[in-house]
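Chains, contacts and geometry: an overview
This is what each chain is made of:
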Amino acid sequence: MSTVRPGITQSGIERADIAFEVNGAAVSVSVPPVRRLSQVLRDELRLTGTKVGCDAGDCGACTVLVDGNPVCACLVPAASVSGATITTVEGLASGRLSALQASFLEHGAAQCGICTPGLLVAATALLERNPTPSEAETQDALGGVLCRCTGYRKIIAAVMDASRHMYGVDHRLPEVGRAVGASPIRLDGVPKVTGDEKFGGDSFPADALAVLVVRSPHYYARFSFGDLTAWAGSRPGIAGVFTAADIPGHNCFGVIGPFADQPALADGFARFRGEAVALVAGEREAILDLDLTDFPIAWTELPHVLQPCEARADGASLIHQHRPANLLTSGFVERGDPDAALGSAAVTVSGAIETSFVEHAYIEPEAGFAYRDGEMLVIVACTQAPYMDRDDTAKVLGLAVDKVRIVPTATGGGFGSKLDVSLQPLIGLVAMKTGRAAALAYTRNESMMSTTKRHPAEMKATIGADAEGRVTGMVFEGDFNTGAYASWGPTVANRVPVHASGPYLTPNYRATGYAIHTNGPIAGAFRGFGVPQATIMQETLYDELAGKLGMDRLDFRLNNCLRNGSETVTGQRLESGVGIGECLESLRPHWSRALAEAEAFNAVNGASKRGVGVASCWYGCGNTSLPNPSTIKVGISGSGEVILHQGAVDIGQGSNTVITQICADALGLPLDKFRLESADTAISPDAGKTSASRQTFVTGKAAEKAGRSLREQILRFANVSGNATIALDGPSISIREGDATRRIDLSTLKADAGGLVFVAEETYDPPTQPLDAKGQGKPYAVYGYGAQIAELEVDLKLGTVKLIKITAAHDVGKAINPVLVEGQIEGGIAQGIGMALMEEYIPGRTENLHDYLIPTIGDVPPIEHILVEVPDPEGPFGAKGLGEHVLIPTAPAILNAIRHATGVLVTKVPATPSRILAAIREKEARR
Amino acid sequence: MIRYAKPTTVDEALALLGEDRWRILSGGTDFYPAQGAKPFRDNILDVNGLVELRGIAEAEERWRIGARTTWTDIVRHPLPAAFDGLKAAAREVGSVQIQNVATVAGNLCNASPAADGVPALLVLDADVELRSAMATRHLPLGDFILGNRRTALQPGEMVTAILVPKRSAAGMSAFVKLGARRYLVISIAMAAARLVVDDGVVADAAIAVGACSAVARRLAGVEAALRGQPVTAALADTVLSAHIDELSPIADVRGSAEYRKHAAREIVARAVRAAIGLGESKVAA
């Protein structure tokens, strides 16, 4: 292996010494003068608080102050900061957190935390010149920083309110036994506002090999390699090139074992644009200067299909030979006699809706590094599912699962896409083959091209009701474009038929969902698994039905919603905990007000019209009719700490905090005694994947059981009854019952290998039953419910939509942490807004964050949340899942509001100005 | 090895431009996104050391905007009302972070059909000053940008200033941007309008539309229709019925050609209304 000549890159630009000041300290670096400032800060100065989300000025995550002015560090040449003064997020706190940082924590303005540094830096510049900015001033100042988690409303509040947080942070720690229902600030919050949090790309070893991925530029192509050895050998600093031929195990992974079909590196055929075909590993500087244009690979393009209709057509070539008609799988639910019910219905409505690929657009592209630790392969990367990563990586690399260790870093958003492995087997392969650490951070472009998307859907449905306005039957059919590989396509095909009725009593029902392969990007898991798409179909038809019946749209929904004792379309009898009626009821005053305001506005305005829409959701928490266990281990250390092995990966949603709150109250000890161990597969038991709105419910229940079990052990040890209270006091535990107190010196007890003197481990697996051939059974143990109202204004001349307000009522059973619940609601709504109005991923065309648009801080209106708490008998402290529910009603509520305003339903989302105006003009032409 | 140079005088820069082929690095906001993760293979002339090219100066005959003047500089510099449209456009170029470093000349040289700065400069009858070691020449902005990503820059030349004649720095102006979200958005279409009003009548009108043709265009038919009209809200109707044949919009991810054609006329009407103080200048979904 050759090395780079010192001081000079291979064929690039001569280095220069550049001196400047960062956060008050004088520094000097020797780099090529055109090196991006973001790279200089992160790689040379190890100031990794400055994040790289796009390298194009599209996301603002790398915002720093240069001489007091906010700039995107990814667009600033190192030479330009010679002699300048730079402030990064690491420089905002001086001894203690700045008022703005404190305000962010107290408002819950940071979720995953990846955009937080950019926001804090940009807001600091604003507050310097204007300590009490208005909402509009705040939005103007922060319009250049994208956030995908929070929905921005808490960020706006935190910035406007910063001046009131001059005196440190109130962590709002609750009293013992009162953690559930309180809103302590997130337990992992402080590093998110100081820049100390380590995400996937923030802790690369300095001597790690850098890895480049060679990807297919074609939708479908055969390929062969030339002389890779000669190519690599003639380039200084290149350690090796690796292809499918180098993979020691089974080159086939997938989140659902029986459907696994995806090679880590394509073998002879690439089935979608962006598929990985080879890896080049080398010294960092050599890789930065590596030109792949002469990489020895020969492509033969093959005819491709991008639309399900083409893929299903007779004679279409098969993307996977063993899947006829390019059908991955289908899901089916049937109950009663839907055809007869629709035939005899007093009114029926039919429609069709089409949706687009939606990109998760977390601000953290996939990143991580791998290294050998003796016999063990260690992978340190962002993820939503460490144990699944471990198993798939071990399979591809031909290792036993106990020889692979997954160490999750903080994860800068996931929303479903970081459930599938991405770079784990790739960096693992390089580390295995070279014996050196191997590091890789995807570019925004390759993250968008190569990772999963929300399934585009082509749906049609008919719904009928009787003259009294009771829904009597529904038939639904949907094609879901699942792209080139299976991923979570089967889950979407199965979940959609179970949920396409919405939370409404539908006695006669048939729903079919097809997952169809194309050469499009892989469609997988994205917040809601197809249910958001199906709900657009159902809820827009409900508005039409209410209109035909002459009923108020909210009344019509209340007339039909599920109640305790109702049976779902899968024949599951819901005995209790059904909160959709309460959600809709709680919207009533808002509905009346909104309708009256819209009517008043429309009476005096012609060029723009206001509209109000409502839609509901229900969503089963956890896997559909499949085992879905979580295990939680918690113990007391000899030094008197509660050690919680919190294996439910926190991707920003707050599981680190919520699971601890549940465990704390079950155990009867205060939050500040808890220390969290991460979801590292070598340390913590498997708490399952962060997916399917399952962590609060399933892992929460395991945490509750483990907490109670640990408490019982301690009480048994002290020989006291369940009425006793326990307290930790330094390295001792005191147990009090009545007037008697017993003190146990923990240091005298025998500790296990993990240093724990008391330890409990409990598993919870939700009770479900399989679905039969007609989709009848008990697919979920717990459902959550919600309903939202959208108020908006449509510019009739331009087709633009101005959102005025969203009112969201969600039945969460029990809000374990109300501020975090609000954060989930606002963030889900923001993603629903994006899906409804602007997000459309087109392979080959929108593979960046300026052609693919997600909402900015100016696109999310005020949100009023109504937390409904109808306890679930199964969930911990009555809690239900929430994460996905919150996004489901938003898009249909918006489409219904647009129709209310304009009289036209846009049948393809996103409802862009262009599509809305076309629909308006078409209607005018029909007159 | 490739060359990198950061001259400190324009003469030095022009001498370098005369002796080799260079890619010019100015604000960097188009340079780096175009580079992506690829290695550098072109000689790079970093003009960020050319202090004399940054800033706005008023001379007898014209306003001179140095090539390296940033959009934030434009926003902050006191200028006559005729520049209000340019200032409004400046606030819509990317984000605050972009406006703090992106330069006016960079926006022109990048020659994107959706460059927010171009329509607002077209209605100011801006000229582009091009210099080489041999010569200085001036081109009307409309002759400088030749097409999508194409300009009239010759080898050895660089843009050194944008010049606005005093006679055109008259009247009131406005800029309307149409995008699919509120901030940080590539325009679906945008319009700039500058009206000179004399005694309640439109004495002169300059109208331009961007993102509806390969290069932003002035709308001669609309301008002609507006001249001589009384200044009332009915000016918008004049726009809506005026003849437009300069636009040839394409369909892309941001909107259909049909939509652009329709929307362009509508936002021109709004820009005219805004220029006479009757409307809002931001349209976002």
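Remember, predicted model here, so these are calculated numbers, not experimental data.

Bringing the overall build of chain B into the picture now. Across its full length, chain B carries eleven helices and 15 strands. A compact globule built from 285 residues would reach a C-alpha radius of gyration of about 19 Å, and chain B, at 19 Å, matches this within 12%. Here the C-alpha coordinates of chain B stretch approximately 60 × 45 × 30 Å along the principal axes. Split into buried and exposed, the 285 residues of chain B put 55% on the buried side. Long-range contacts, defined as pairs at least 24 residues apart, comprise 65% of the intrachain contacts of chain B with a sequence gap of at least 6.

The secondary structure content of chain A amounts to 22 helices and 33 strands. For chain A, whose C-alpha radius of gyration is 28 Å, the value lies close to the compact-globule estimate of 30 Å for 927 residues. The C-alpha extent of chain A, read off along each of the three principal axes, is 85 × 80 × 60 Å. Relative to its full complement of 927 residues, chain A shows a buried share of 64%. The contacts of chain A with a sequence gap of at least 6 include a subset with a gap of at least 24, amounting to 78%.

In this section: the pairing of strand 5 (residues 62–66) of chain B. Residue and element names in this part refer to chain B. Burial runs high along strand 5: four of the five residues are buried. Sheet topology places strand 4 (residues 56–58) next to strand 5; three bridges connect them, and they run antiparallel. Following the sheet pairing, Glu58 is matched in strand 5 by Trp63. The hairpin turn running from strand 4 into strand 5, its antiparallel successor, is three residues long. Pairing between strand 5 and strand 10 (residues 158–165): five bridges, direction antiparallel. Along strand 10, the bridge assignment pairs Arg62 with Pro165.

Most often, soluble globular proteins keep nonpolar side chains buried together rather than apart. Ranked by size, the top nonpolar core spans 407 residues in total, and within it Val211(A), Ile427(A), Ala438(A), Val268(B) and Ala271(B) carry the most contacts. Ranked by the residues each element gives to this core, the list is headed by helix 11 (residues 257–275) of chain B, at ten residues.

In this section: the interface of chain B and chain A. Taken residue by residue, the interface counts 43 residues in chain B and 56 residues in chain A. Split into classes, the residues belonging to the side of chain B that touches chain A amount to 26 nonpolar, eleven polar and six charged.

Moving on to the domain arrangement of chain A. Residues and elements named next belong to chain A. Each assigned domain of chain A is listed with its residue range as follows: domain 1 (16–91), domain 2 (99–172), domain 3 (561–624 + 770–927) and domain 4 (630–764). For domain 3 versus domain 4, the distance between C-alpha centres works out to 37 Å. Counting residues at the interface gives 20 residues for domain 3, matched by 15 residues for domain 4. Taken together, the residues of the side of domain 3 that touches domain 4 break down into nine nonpolar, nine polar and two charged.

A separate point is the environment of Pro408(A). Residues and elements named next belong to chain A. Its place among the elements puts Pro408 in strand 17 (residues 404–408). Judged by the 27 C-beta atoms lying within 10 Å of it, Pro408 falls in the buried class. Separated by 365 residues in sequence, Pro408 and Asp43 place their C-alpha atoms 21 Å apart. Those residues in contact with Pro408, other than ones at most four positions away along the chain, are Cys382, Thr383, Pro386, Val649, Ser678, Ala679 and Asp680.

Glancing now at unusual backbone geometry. Put simply, Val909(A) and Pro910(A) share a cis peptide bond, and its omega is 5°. Examined against the element boundaries, Pro910(A) turns out to sit in the loop between helix 21 (890–902) and helix 22 (913–926). In this structure, Ser625(A) takes a positive phi of about 55° despite not being glycine. Assignment of secondary structure puts Ser625(A) in the loop between strand 23 (608–620) and strand 24 (630–637). Here Asp125(B), not a glycine, exhibits a phi torsion of approximately 55°, which is positive.

Looking now at the confidence of the model for chain B. Chain-level pLDDT for chain B is 96 on average; 98% of the residues reach the 70-or-more range. Our summary of model confidence lists the complex with pTM equal to 0.98 and ipTM equal to 0.97.

It is worth spelling out the packing of helix 11 (residues 386–397) of chain A against helix 12 (residues 424–434) of chain A at this point. Residue and element names in this part refer to chain A. For the pair helix 11 and helix 12, interaxial distance at closest approach is 9 Å and the crossing angle is 50°. The angle between the axes of helix 11 and helix 12 places the two elements in the oblique class. Between helix 11 and helix 12 the crossing geometry is right-handed. Here Asp389, Thr393, Val396 and Leu397 of helix 11 come into contact with helix 12, specifically with Gln424, Pro425, Gly428, Leu429 and Met432. A per-class count over the contact of helix 11 with helix 12 returns five nonpolar, three polar and one charged.

You can see Leu226(B) is positioned in helix 9 (residues 220–226). Through-space distance from the C-alpha of Leu226(B) to that of Gly279(B) is 17 Å; in sequence the pair is 53 residues apart.

Residue and element names in this part refer to chain A. Tracing the backbone through its elements, the reader meets Glu737 in strand 28 (residues 732–737). Sequence separation of Glu737 and Thr725 is twelve residues, and the distance between their C-alpha atoms is 6.5 Å. If sequence neighbours within four positions are ignored, Glu737 has contacts with Val720, Ser721, Asn723 and Ala724.

Time to look at the sheet that holds strand 32 (residues 801–811) of chain A. Residues and elements named next belong to chain A. Here four strands make up an open sheet; going across it, the order is 23-31-32-33 and the pairing mixed. Where the open sheet ends on each side, the last strands, each with one partner, are strand 23 and strand 33 (863–868). For this sheet, the mean angle separating the axes of adjacent strands, direction not counted, is 15°. Where strand 23 meets strand 31 (residues 783–795), 13 bridges bridge the pair, whose relative direction is antiparallel. Residue pairing for strand 31: Val612 is matched across the bridge by Glu791.

End to end, helix 20 (residues 818–837) of chain A covers 28 Å across 20 residues, agreeing with the expected 28 Å (1.5 Å per residue, within 8%). The buried fraction of helix 20 of chain A is high, at 18 of 20 residues.

A few words on the packing of helix 18 (residues 655–667) of chain A against helix 19 (residues 695–718) of chain A. All names here are of chain A. For the pair helix 18 and helix 19, the least separation of the axes is 7 Å and the interaxial angle reads 35°. Judged by the twist between their axes, the crossing of helix 18 over helix 19 is right-handed. Contacts from Ser655, Val658, Ile659, Ile662, Cys663, Ala666 and Leu667 in helix 18 reach Gln695, Thr696, Thr699, Gly700, Ala703, Glu704, Ala706, Gly707, Arg708, Leu710 and Arg711 in helix 19. For the contact of helix 18 with helix 19, the per-class residue count stands at nine nonpolar, six polar and three charged.

Moving on, we get to the sheet that holds strand 6 (residues 127–131) of chain B. All names here are of chain B. Strands sit in the order 4-5-10-6-7 across an open sheet of five strands; the sheet is antiparallel. Unpaired on one side and paired on the other, strand 4 and strand 7 (136–140) mark the two borders of the sheet. Across the sheet, the mean angle from the axis of one strand to that of its neighbour is 25°, orientation sign disregarded. For strand 6 and strand 10, the ladder comprises five bridges, and the chain directions are antiparallel. When the bridges of strand 10 are listed, Leu130 appears paired with Val159.

The next thing to look at is the pairing of strand 33 of chain A. All names here are of chain A. In the sheet, strand 32 pairs with strand 33 via six bridges, with the strands oriented parallel. Within strand 33, the residue paired with Ala808 across the bridge is His865. Handedness of the β-α-β unit built from strand 32, helix 20 and strand 33 comes out right-handed.

Model confidence for chain A is summarised by a mean pLDDT of 97, while 99% of its residues fall at 70 or above. Long-range and interchain partners of residues 1–10 of chain A, a stretch whose pLDDT sits below 50, account for 22 contacts in this model, where long-range means more than four residues apart.

Our next topic: helix 1 (residues 10–19) of chain B. Residue and element names in this part refer to chain B. Of all the residues in helix 1, the buried ones are Ala13, Leu14 and Leu17. End-on view of helix 1: buried residues confined to an arc of 95°, all on one side of the axis. Facing away from the buried side of helix 1, by more than 90 degrees, are the exposed residues Asp11 and Glu19. Elements in contact with the buried residues of helix 1: strand 3 (44–46), strand 6 and strand 10.

What counts and what doesn't
Residues numbered from 1 in each chain as written. Chains lettered and ligands numbered in written order. Predicted model: local features only at pLDDT ≥ 70, side-chain atom pairs only at ≥ 80, totals over all residues. Helix = DSSP H or I, 4+ residues; strand = E, 2+ residues; numbered from the N terminus. Rg over C-alpha atoms; globule rule 2.2 N^0.38 Å. Buried ≥ 20, exposed ≤ 12 C-beta atoms within 10 Å, placed from the backbone. Contact = placed C-beta atoms within 7 Å. Pairing = 2+ DSSP bridges. Core = buried A, V, L, I, M, F, W, Y, C linked by C-beta atoms within 7 Å. Nonpolar A, V, L, I, M, F, W, Y, C, P; charged D, E, K, R; others polar. Domains from an automatic or database assignment. pLDDT = per-residue confidence, 0-100. Axes fitted to C-alpha atoms, helices over the stretch in contact; angles between N-to-C directions. Parallel < 35°, antiparallel > 145°, perpendicular 65-115°, else oblique. Left-handed = near helix turned anticlockwise from the far one by under 90°. Expected span 1.5 Å × (residues − 1). Right-handed = clockwise from strand over helix to strand, strands pointing away. Arc of directions from axis to C-beta.

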